[in-house]
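Chain by chain, the residues:
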2 protein chains.
Amino acid sequence: MQTFGLMVATAEGIGILHELTGVIARRGGNIVSVDIQGEVAGEARTFFEIEMTANPQELVDELATLPIVREAALVKTLQAIYGTRIIIAGGGAQVGQVALGAISEADRHNIRGERISVDTIPLVGEAPIADAVRGVARLSRARALVLAGVIMGGDIERAVREVREQGLIVVSLNMAGNVPEAADLVVTDPVQAGVMTVMAVASTAKFSIGQLNRRVF
Amino acid sequence: MQTFGLMVATAEGIGILHELTGVIARRGGNIVSVDIQGEVAGEARTFFEIEMTANPQELVDELATLPIVREAALVKTLQAIYGTRIIIAGGGAQVGQVALGAISEADRHNIRGERISVDTIPLVGEAPIADAVRGVARLSRARALVLAGVIMGGDIERAVREVREQGLIVVSLNMAGNVPEAADLVVTDPVQAGVMTVMAVASTAKFSIGQLNRRVF
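Calculation rules
Residues numbered from 1 in each chain as written. Chains lettered and ligands numbered in written order. Predicted model: local features only at pLDDT ≥ 70, side-chain atom pairs only at ≥ 80, totals over all residues. Heavy atoms only, no water. Contact = heavy atoms within 4.5 Å. Buried area = accessible area lost by both parts, 1.4 Å probe. Salt bridge = Lys/Arg side-chain N within 4 Å of Asp/Glu carboxyl O. Polar contact = N/O pair within 3.5 Å; in protein donor to acceptor, adjacent residues only side chain to side chain. Helix = DSSP H or I, 4+ residues; strand = E, 2+ residues; numbered from the N terminus. Pairing = 2+ DSSP bridges. Least-squares fit on C-alpha atoms with pLDDT ≥ 70 in both. Axes fitted to C-alpha atoms, helices over the stretch in contact; angles between N-to-C directions. Parallel < 35°, antiparallel > 145°, perpendicular 65-115°, else oblique. Nonpolar A, V, L, I, M, F, W, Y, C, P; charged D, E, K, R; others polar. Buried < 20%, exposed > 50% of the residue type's maximum accessible area, 1.4 Å probe, protein only.

K.L.:
Even after reading the chapter, I still don't get the interface of chain A and chain B, so can you show me in this structure?
P.N.:
Reports of interface size often rely on the accessible area that becomes lost once the parts have come together. Taken together, the 61 residues of chain A in the interface contact 61 residues of chain B. Between chain A and chain B lies a buried interface of about 5000 Å² when both sides are counted; carbon and sulfur atoms form 60% of it. Viewed at the interface, chain B and chain A are joined by two salt bridges. Across the pair K76 of chain A and D131 of chain B runs a salt bridge whose closest N-O atoms are separated by 2.6 Å. Between chain A and chain B we count 21 residue pairs in polar contact (both at pLDDT 80 or more) in total. Every element with two or more residues in the side of chain A that touches chain B is listed here: α1 (16–26), β2 (30–40), β3 (43–52), α3 (78–82), α4 (92–111), β6 (116–122) and α5 (126–136) of chain A. For the side of chain A that touches chain B, the leading source of residues is α4 of chain A, giving 11 residues. Relative to strand β6 (residues 116–122) of chain B, β6 of chain A runs antiparallel, the two being bridged by three bridges. Considered in β6 of chain B, the bridge of V118 of chain A is made with T120 of chain B.

See the structure below:
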């Protein structure tokens, strides 16, 4: 089983994704992700990441024969280009400091051939932050979340417990509210929080949250 | 025409996306984006963002009757949760400083109800950075790219010209190589580069790159 990237250029229109996925399904392809690029100069591009045992070139050749398809080609996967994502959400001041640590540490891993992205959103308020926590489960390639603020609780705590059950690592700054109680790891220094989170998802780091002998730093 | 988010929980398997998109196409839905969450506890979730004139609840009800579907529900769109994205790529030291400026400025807009995310990847080398530049065109909700480094040229410059033609705003730090010549805007201070890029995509900012009377700051 191999994973490969596939770009298909078509006109924009209703039913195109249905037609493309039909060909992919008949060839036994399991679609892992889909990215749709809106129409530019009368052309829409759809990028698939597909797991398949058969030769992907035969799939490309078949797609290229469809009347709706202008071009079909194998491309790099977004996993190969941008890799695993960590997401940082919360107050702007703290999100920025966590990002500094995380970007610096991701740089050290990416130089050795790994791919780790550091994505952020500064937000205020319980409901927008809870939405952002739950939304991380929908973000492709996201593995860990850092909550950076001075007080977070209520529905944000429930959202943290939900996404941890879905396999996401959650790191919290040491802050007021009960989000720290719900997190995998609690870190006081925001730069260290960013560094530790990247180390926790990096395959080139000898570090795993499960092996630490304490949960609060 | 309205855009709405749709979550469909199913078993994982080949052909499921084809079956779901068939129902959406028959109801006249234009699929803007698809996010597939890998199987957790025997269940896979697919999130669609769909433009449609008809009542979305009727689509949800029809999907819920399919034997493969365990649950279908309307949800918030990722655009509503995370909003427009700016992407910062390049050397870790500079990416971090651009991110600080961008996150701080995004915070000020998001507090007023807008949604802007700041996403980053630290990278080294012409080919990985050129891949990251071209890849931004595939990233949903990405509107602007900042290139942060000390020297960038060659294939990165070609990639910058390509993605600008696809409608992306490209900001470059003032650096060696010919990427600055190819960019929309050249900024010397990395914090200011981050702030200006967020202002350029924000709808709450009175700032537009097209209205500036110079291109280099």
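Further notes follow.
K.L.:
Help me understand the relation of the copies chain A and chain B, please; the structure alone is not making it clear to me.
P.N.:
Relating one copy of the chain to the other requires a rotation about an axis plus a shift along that axis. Structural alignment of chain A on chain B gives an RMSD of 0.0 Å, achieved by rotating through 180° and translating 0.0 Å along the axis. When the rotation and shift are considered jointly, the pair of chain copies conforms to a two-fold rotation axis. Relative to the rotation axis, the closest C-alpha in chain A is found at D119 of chain A, a distance of 2.0 Å. A shared interface surface links the copies, since 100% of the contact residues of chain A are contact residues in chain B too.

K.L.:
Quick question: what am I supposed to make of the pattern of salt bridges here?
P.N.:
Where charged atoms from two side chains of opposite charge approach closely, those side chains can pair. For the coordinates displayed, the defined rule picks out 26 salt bridges over all chains. Where R108 of chain A meets E105 of chain A, a salt bridge forms, and the shortest distance between an N and an O atom there is 3.0 Å. One end of the pair, R108 of chain A, and the other, E105 of chain A, are both in helix α4, three residues apart, so they sit about a helical turn from each other. R134 of chain B is the salt-bridge partner of D155 of chain B, the closest N and O atoms lying 2.9 Å from each other. Remark: R134 of chain B occurs in helix α5 (residues 126–136) and D155 of chain B occurs in helix α6 (residues 155–165); sequence separation between them is 21 residues.

K.L.:
Looking at this model, I keep getting lost on the sheet that holds strand β9 (residues 185–187) of chain B. Mind explaining?
P.N.:
Whether parallel or antiparallel, the strands of a sheet pair through hydrogen bonds between backbone atoms. Ordered by their spatial adjacency, 10 strands build an open sheet running β9(A)-β8(A)-β7(A)-β5(A)-β6(A)-β6(B)-β5(B)-β7(B)-β8(B)-β9(B), and the pairing between neighbours is mixed. What marks the edges here is a single partner per strand, and that holds for β9 (185–187) of chain A together with β9 of chain B. Averaged over all pairs of adjacent strands, the angle between strand axes in this sheet comes to 20°, irrespective of strand direction. Set on the sheet, α5 of chain A makes contact with β5 (84–90) and β7 (142–148) of chain A; between it and β7 of chain A the angle comes to about 160°. Running at roughly 170° to strand β8 (residues 169–173) of chain B, helix α8 (residues 190–201) of chain B makes contact with β5 (84–90), β6, β7 (142–148), β8 and β9 of chain B of the sheet.

K.L.:
Honestly, the packing of α5 of chain A against helix α6 (residues 155–165) of chain A in this entry has me stumped. Any pointers?
P.N.:
Helix packing geometry: the angle between the two helix axes and the distance between the axes. Residue and element names in this part refer to chain A. The N-to-C vectors of α5 and α6 enclose an angle of 0°; their axes lie 8 Å apart at closest approach. Classed by the angle they form, the pair α5 and α6 counts as roughly parallel. Seen from α5, the contacting residues are E126, I129, A130, V133 and R134; seen from α6, they are D155, I156, R158, A159, V160, E162 and V163. Tallied by class, residues from the contact of α5 with α6 come to seven nonpolar, no polar and five charged.

K.L.:
Just to check I follow, could you spell out the environment of G90 of chain A for this structure?
P.N.:
Residues and elements named next belong to chain A. With respect to the helices and strands, G90 occurs in strand β5. Judged by its relative accessible area of 0%, G90 is buried. Sequence-wise, G90 and E126 are 36 residues apart; in three dimensions their C-alpha atoms are separated by 10.0 Å. With sequence-adjacent residues up to four places away left out, G90 is seen in contact with V95, I121, P122, L123, A148 and M152.

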